[in-house]
Amino acid sequence: MSSPAAAALPGGLAQVLGAIVGPRHLVVEPDLRAGHEVDWTGRFRGATPAVVRPGSTAEVAAVVAACDAAGVAVVPQGGNTGLVGGSVPLHGEVVLSLRRLDQLGPVDEVASQVTVGAGVTLAALQRHAAAAGLAYPVDLAARDTATVGGTIATNAGGVHVLRWGPTRRQVVGVEAVTADGRVLSHLSGLTKDNTGYDLPGLLCGSEGTLAVITAARLALVPAPAHTVVALCAFASVAEAVSATASLRRHLDALDAAELVLGDGMALVRAVSGRPAPFPNDHPVYVLYEASGRADPTDALAEALHAGPAPLDVAVATDAARRAALWAYREEHTSAIATLGPPHKLDVTVPLGALARFVEEVPRVVERVAPGAACWLFGHVGDGNVHVNVTGVDPDDDSVDDAVLGLVVASGGSISAEHGIGTAKRRWLVRQRSAAELDVFRAVKRALDPNGTLNPHVLL
Ligand code: FAD
Ligand code: 2HG
Ligand code: ZN
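Just so we're clear, the structure is a prediction, and the values are computed from it rather than from any experiment. In this numbering scheme, every chain counts its residues from 1 along its sequence in written order. Lettering of chains starts at A and numbering of ligands starts at 1, both following the order in which they are written. Two thresholds apply to this predicted model, a pLDDT of at least 70 for residue-level local features and 80 or more for giving and counting side-chain atom pairs, whereas whole-chain, interface and lining totals are computed over all residues. Note: side-chain values were computed over all heavy atoms of the structure, leaving out hydrogens and water.

> Help me understand the overall build of the chain, please; the structure alone is not making it clear to me.
When helices and strands are counted, the chain shows 17 helices and 17 strands. In this description the radius of gyration comes from C-alpha coordinates, and the expected globular size is given by 2.2 Å times residues to the power 0.38. For the chain, whose C-alpha radius of gyration is 22 Å, the value lies close to the compact-globule estimate of 23 Å for 459 residues. On the principal axes, the C-alpha backbone points of the chain span a range of 70 × 55 × 45 Å. Looking at the chain alone, contacts between residues at least 24 apart form 75% of all its contacts between residues at least 6 apart. Summed over all atoms, the accessible surface of the chain reaches about 18700 Å², with 55% contributed by carbon and sulfur. Both charge centroids of the chain, one from 35 positive and one from 46 negative side chains, sit 2 Å from each other. Working definition: helices are DSSP H or I runs of at least four residues, strands are E runs of at least two. Numbering for both runs from the N terminus. In what follows, a contact means two residues having at least one pair of non-hydrogen atoms within 4.5 Å. Per-residue accessibility takes into account occlusion by the displayed protein chains alone, with areas from the Shrake-Rupley method and a 1.4 Å probe. Here Asp and Glu are counted as negative and Lys and Arg as positive; His is not counted, and neither are the chain ends. To locate a charge, the coordinates of NZ of Lys, CZ of Arg, CG of Asp or CD of Glu are taken.

What follows is the structure, encoded as structure tokens:
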């Protein structure tokens, strides 16, 4: 999906923005803007008159206020790894890049918390926490690029939601800038603090539409002394779901349960050249990870006996072999990207309906887009399936309509963890009542009356 070229900035605004951030950080050269104008998948491509790169909260506030006063819309952008077309200037907006806000505060070992800038990447945060013997539990394959601000704005999930919850559960304070340039700062991180509305909770998942997040106070968890990964093969998705339910009942230390299907495994192997995990191919795999202070390997093996028996199991305890098993799952997104821009439908269905949903999706897709290829994988413990469809024109959303229709009919959610962005805006009315959407719009008006922040995202 691409948009016409962006209009130039209104008279004088370029000078104002350049004076705020310094000329070096007002990026107008086409080749330097280019990477900020297209999303990670290549499906959503826009154009911006300028990428503005503030280096402090005060600069963010001044930039946003200047754009608001000039009637110029702004797209906040972190690592630009978002998958719903919410981080790129599809309507000629100014791009506000938050990547320079990359300060890592000292880890508060008494509270197990840390305050960091919105531009810190997940990987940098994870390394910082690890150096203090702690861990930041939100983890996803884009960890080297995705930022704290972006993960809060999307309420990112990732592979550890099963045990630690999504980003919202880790955010104990935020600093953010409203469209008129006011700074809201509540970073004390007090566990008990009933002094009004929960602004961190509101900003989690707000997709850059309510305020620009500039820093966050985050809860950390104990770093595990032992981690074990087991890749298990099953005969069907129904067995995989039932084995996962059994593991959840029997294993406190379960961090992740990740679904891979046979064709996705074959694609990842073809693209990466990785060897097969087992002598025989199987239709369904689940990658389990467990971790704790004590070695959970025996507990995992015992828990596996309590459910449907896997057809094959590969176990890894050392970091290199664990990473090799994880690669079969994590490399799905990049392997699919080699086939051209996919339609990505990140959905949840009730666990009881998941096996049927996985069977049904290819049939539904074949009906509306004969010959298109369907790739399904995801976070089976959360009922979160990533439906990717390749071989369909980026602008043809009949596949999206058909799959999301099936999701709603199954009692699921049209966005599990990636957000609504611009990609799914059309379908939000199927999921949220008119009364809820009215309240959403009222909240938006209260914080951003001129519609400056991501006006084409979410609502
Ligand atoms: P961006 O893409 O830059 O922005 C995303 C949204 O947040 C946009 O609407 C943007 O306007 C807004 N935004 C960004 N920064 C700010 C800010 N400071 N203040 C206000 N608004 C802001 N997501 C998951 O949930 N789980 C996964 O497992 C997962 N795996 C992924 C794997 C790969 C290989 C890739 C490419 C993506 C994956 N994602 C996943 C999606 C993506 O990484 C997340 O949505 C992530 O949270 C985006 O962070 P970002 O910094 O790149 O944000
Ligand atoms: C994942 O779980 C991400 O790997 C990306 O959420 C999903 O590529 C996708 O559709
Ligand atoms: Zn995911």
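From this point, the discussion proceeds with the structure in view.
> What's the story with the site of ligand 1 in this structure? I'm lost.
Any residue with at least one heavy atom within 4 Å of a molecule or strand is counted as near it. Of all residues adjacent to ligand 1, which total 36 residues, the nearest are Pro76, Gly78, Thr81, Gly82 and Thr147. Measuring from an oxygen atom of ligand 1, one finds a side-chain N or O atom of Thr154 at 2.8 Å. Contacts described as polar in this section are N or O atom pairs within 3.5 Å, which, within protein, must combine one atom able to donate a hydrogen with one able to accept it, while residues neighboring in sequence count only if both atoms come from side chains. One nitrogen or oxygen atom from the side chain of Glu417 is found 3.1 Å from a nitrogen atom belonging to ligand 1. When ligand 1 is considered free in solution it has 970 Å² of accessible area, and contact with the protein chains removes 96% of it. For the shell around ligand 1, the secondary-structure elements that each account for two or more residues are strand E3 (74-77), helix H5 (148-154) and strand E9 (212-219). Grouping the amino acids of the shell around ligand 1 by side-chain chemistry returns 14 nonpolar, 20 polar and 2 charged. Under the scheme applied, nonpolar residues are Ala, Val, Leu, Ile, Met, Phe, Trp, Tyr, Cys and Pro; charged residues are Asp, Glu, Lys and Arg; polar residues are all the others, including Gly.

> Explanation requested: the site of ligand 2 in the structure shown.
Within the structure, ligand 2 sits among Leu83, Arg329, Thr333, Lys344, Phe377, His379, His386, Asn388, Glu417 and His418. At a separation of 3.0 Å, an oxygen atom of ligand 2 approaches a polar side-chain atom of His379. Within the side chain of His386, a nitrogen or oxygen atom sits 3.0 Å from an oxygen atom of ligand 2. Among the elements of the structure, strand E16 (373-379) and strand E17 (384-390) are those that each provide at least two residues to the shell around ligand 2. Across the shell around ligand 2, the residue classes break down as 2 nonpolar, 5 polar and 3 charged.

> Explanation requested: empty space enclosed by the protein in the structure shown.
Where empty space is left in the structure can be found by rolling a water-sized probe over the atoms. Using protein atoms alone on a 1 Å grid, points that fit a 1.4 Å probe yet trap it form a cavity, whereas open point sets bounded by protein on both sides within 12 Å along at least five of seven lines form a pocket; residues with an atom within 4 Å of a point count as lining. Grid points are joined across faces, edges and corners, and a volume is the space filled by probe spheres set on the points. Following the criterion strictly, the structure yields 2 cavities of 30 Å³ or more and no others. If you go around the largest cavity, the residues you meet are Val75, Gly85, Gly86, Val88, Leu90, His91, Glu93, Thr422, Asn454, Pro455, His456 and Val457. Partitioned by chemical class, the residues of the lining of the largest cavity number 5 nonpolar, 6 polar and 1 charged. In terms of lining residues, the second largest cavity is bounded by Gly158, Val159, His160, Val161, Leu162, Ala256, Ala257, Glu258, His379, Gly381 and Asp382. Secondary structure elements with two or more residues in the lining of the second largest cavity: helix H6 (161-164) and strand E12 (254-261).

> Would you explain the coordination of the zinc ion (ligand 3) in this entry?
Within the protein, His379 (NE2), His386 (NE2) and Glu417 (OE) serve as the donor atoms for the zinc ion (ligand 3), at 1.9 to 2.1 Å. Here the coordinating atoms are restricted to nitrogen, oxygen and sulfur within 2.8 Å of the metal centre, or 3.2 Å for Na, K and Ca, and because water is not among them the sites may look incomplete. Read in sequence order, the donor residues for the zinc ion (ligand 3) give the motif H-x6-H-x30-E. Overall, the relative accessible area of 3% leaves His379 in the buried class. For the exposure calls, accessible area comes from a 1.4 Å probe over protein chains only, and a residue counts as buried if that area is under 20% of its type's maximum, exposed if over 50%, partly exposed in between.

> Whenever I open this one, the sheet that holds strand E5 (residues 113-117) confuses me. Can you help?
When DSSP finds two or more bridges between a pair of strands, those strands are recorded as paired. Strand order across the open sheet formed by 4 strands is E5-E9-E7-E8, with antiparallel pairing between neighbours. Edge positions in the sheet fall to E5 and strand E8 (183-186), since each has one partner strand and no second. Pairs of neighbouring strands in the sheet enclose a mean axial angle of 15 degrees, with direction left out of account. The pairing of strand E7 (residues 171-177) with E8 spans 4 bridges and is classified as antiparallel. For Val177, the partnering residue across the bridge sits in E8 and is Val183. To obtain each axis, a line is fitted to C-alpha atoms, and for helices this fit is confined to the stretch in contact; angles are then taken between N-to-C directions over 0 to 180 degrees.

> Sorry if this is basic, but what is going on with the side chain of Asn80 here?
With respect to the helices and strands, the residue Asn80 is situated in the loop between E3 and strand E4 (94-97). Taking the relative accessible area as the measure of exposure, Asn80 reaches 8% and is therefore buried. At a separation of 3.3 Å, a polar atom in the side chain of Asn80 contacts the main-chain carbonyl oxygen of Gly35. Among all residues touching Asn80, those that are not within four sequence positions of it are Gly35, His36, Val38, Asp39, Trp40, Ser87, Val88 and Arg99.

> Would you explain helix H14 (residues 351-368) in this entry?
An α-helix turns once per 3.6 residues; consequently, residues spaced three or four apart project the same way. Its 18 residues give H14 an end-to-end C-alpha distance of 26 Å, which sits within 8% of 26 Å, the value for a rise of 1.5 Å per residue. Maximum bend of H14: about 35 degrees, positioned at Phe357. Regarding H14, the residues found buried are Leu354, Ala355, Phe357, Val358, Val361, Val364 and Val365. Among the structural elements, helix H9 (237-250), E12, strand E15 (343-348), E16, E17 and helix H15 (398-409) are those in contact with the buried residues of H14. Every helix has an expected span of 1.5 Å times one less than the residues it contains. By definition, a residue's bend is the angle between the axes fitted to the seven residues ending there and the seven starting there.

> Just checking my understanding: could you explain the pairing of E17 for this structure?
Taken residue by residue, a regular strand's side chains alternate between the two faces of the sheet. Judged by how many residues are buried, E17 sits mostly within the fold: 7 of 7 residues are covered. Where E15 lies against E17, 6 bridges are found, and the strand directions are antiparallel. Bridge pairing links Val347 to Val385 in E17. Where E16 and E17 come together, 7 bridges link them in antiparallel fashion. Bridge assignment links Ala373 to a residue of E17, and that residue is Thr390.

> Whenever I open this one, the side chain of Thr167 confuses me. Can you help?
With respect to the secondary-structure elements, Thr167 resides in helix H7 (residues 167-170). Residue class for Thr167 comes out buried when judged on its relative accessible area of 0%. The contacts of Thr167, once residues within four sequence positions are left out, are Tyr136, Val138, Thr151, Ile152, Asn155 and Ala156.

> Before we go on, may I ask you to explain the packing of aromatic side chains in this structure?
Aromatic rings considered in pairs are described by the distance between their centres and by the relative angle of their planes. Pairing of aromatic rings covers Phe, Tyr and the six-membered ring of Trp, with a centre-to-centre limit of 6.5 Å; geometry is then stacked below 30 degrees between planes, edge-to-face above 60, and tilted otherwise. Tallied over the full model, the rule gives 1 aromatic pair. Note on Phe278 and Tyr285: the rings are 6.2 Å apart at their centroids and 10 degrees apart in plane angle, and the pair reads as stacked. For the pair shown, Phe278 and Tyr285 are each scored as buried.

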